[in-house]
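The chain contents come next:
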Amino acid sequence: MSGTAKASSKKVHAATAGTPADRPAEQKPLPLGSGARMNARVVLALVLVALGLWTAASFLPALIWATILAVALWPLYLVFAKRFLGGPSGAAAFVFTVLVALILMTPISLAVYEVAQQSDLLADWLKRAGDGGIAVPGWVARLPIAAESMEQWWRANLSDPKAATAWLKTINADNISNLFRTFGGQLLHRLFLLFFSLLTLFVLLRSGHSAARRFLETCDRLFGDAGEGLVEKLIEATRATVNGTVLVALGEGAVIGIGYFVAGVPNALTFLIFTTAFAMLPFGAWLAFTVAAIVTISNGGSGVAGMCVFVWGTIVMLAGDHFVWPTLVSGSARLPFLLAFVGIFGGLAAFGLMGLFVGPVIMAALLAIWREWIFRSAPQA
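Parameters at a glance
Residues numbered from 1 in each chain as written. Predicted model: local features only at pLDDT ≥ 70, side-chain atom pairs only at ≥ 80, totals over all residues. Heavy atoms only, no water. Helix = DSSP H or I, 4+ residues; strand = E, 2+ residues; numbered from the N terminus. Expected span 1.5 Å × (residues − 1). Buried < 20%, exposed > 50% of the residue type's maximum accessible area, 1.4 Å probe, protein only. Patch = residues over 30% accessible without salt bridge, like charges linked within 9 Å, V, L, I, M, F, W, Y side chains within 5 Å. Areas by Shrake-Rupley, 256 points an atom, 1.4 Å probe, with all protein chains shown as cover. Salt bridge = Lys/Arg side-chain N within 4 Å of Asp/Glu carboxyl O. Contact = heavy atoms within 4.5 Å.

Trainee: Honestly, helix H12 (residues 284–298) in this entry has me stumped. Any pointers?
Mentor: One turn of the α-helix equals 3.6 residues, which is why residues spaced by three or four share an orientation. Compared with an ideal rise of 1.5 Å per residue, which puts 15 residues at 21 Å, H12 spans 21 Å between its outermost C-alpha atoms and is within 8% of the ideal. Among all positions in H12, only Gly284, Ala285, Ala288, Phe289, Ala292, Ala293, Thr296 and Ile297 are buried.

Spelled out as structure tokens, the structure:
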């Protein structure tokens, strides 16, 4: 009886052991074709790219700035490396990156130094204003326009100690301290991003050939020969935009600086340096020559001289930003004037300061796709 039970149990074991559930090695793959598998790979790649962009979102501006600098400065870096260090290398990339950092940091350091030098004077002026009011400056009477009405308003609202004290009370010390705290935090954050951009620039310069080769191979596999042509157009547009911006800023600073010396602006050389540096920023040069005009009037100069400085700077900036700059960018990048104009100022409106370079690059890419991918592929079709 027991033997029969054992035999029957062995048969059941053998029968159940042969089922597909207990033999995973013999399972058949899912009925998916090569097209479905390719779609799954594409979806996985897109998800990973999205996650990577989301992870690096806070560093994307620094990476973009470093890429723009590397593309624009690459020919200059090759000349520098061959002439002074025998060719591109890690040492050449490091030295060149240090030089770029010095060029970028010098105007910022000068601005911070000037602000620190004037902070004690500002604190002393606020203390004297609270005690005895704010006297009418001599330059108000020399204003060429609305001098009398400005002087009357100043006497009624700021020369009276009570009115000046009431106005100064609106400037809360806690708000000022919070403002400086926020400014300090933002400054540290920007300096860290600048350091990261310079580090990325060093890596791109050191591995420029291999990185460019890999990128071109990727574009060739994804888009074919048209992808390589598109990359060339993007590189031309980037270099044209950066070179045009630098050349126009140098020209605007030099021409406006001549006006500083002619009008007798105090510290004209310092204002020339600031104007040239800030001309690369949106409305930066406008702030520089406006301050120069105010300083000219407040330091004993005539109101006509200060007004001439402002008018001369306005004429130079309007001509440079609205005619010379788009013409240089469109000519070097082979962009029509209208597209260059829209790319520059539309990019500023859409992306901020980075759009100054990204906008023309986007327009160049659209124009390259329109010319190369559509019209040149039509005869072949």
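Trainee: It is not clear to me how a nonpolar patch on the surface should be interpreted in this structure. Could you clarify?
Mentor: A cluster of nonpolar residues, Val246, Leu247, Leu250, Met280, Leu281, Phe323, Val324, Leu328 and Leu353, forms a patch on the protein surface that exposes about 750 Å² of accessible area. If you list the elements that add at least two residues to the nonpolar patch, you get helix H10 (225–263) and helix H13 (303–333). Position of Leu250 among the secondary structure elements: in helix H10.

Trainee: Help me out: how do you make sense of the environment of Val295 in this one?
Mentor: Here Val295 shows up in helix H12. Given a relative accessible area of 23%, Val295 falls into the partly exposed group. C-alpha separation for the pair Val295 and Pro266, spaced 29 residues apart in sequence, amounts to 7.3 Å. Residue contacts for Val295: discarding those within four places in its chain leaves Pro266 and Phe271.

Trainee: Honestly, the pattern of salt bridges in this entry has me stumped. Any pointers?
Mentor: In a structure, side chains of opposite charge can pair up when their charged atoms sit close to one another. Scanning all chains against the criterion turns up one salt bridge. Residues Arg214 and Glu217 are paired through a salt bridge, measuring 3.9 Å at the closest nitrogen-oxygen approach. Of this pair, Arg214 and Glu217 both sit in helix H9 (residues 208–223), separated by three residues, roughly a single helical turn.

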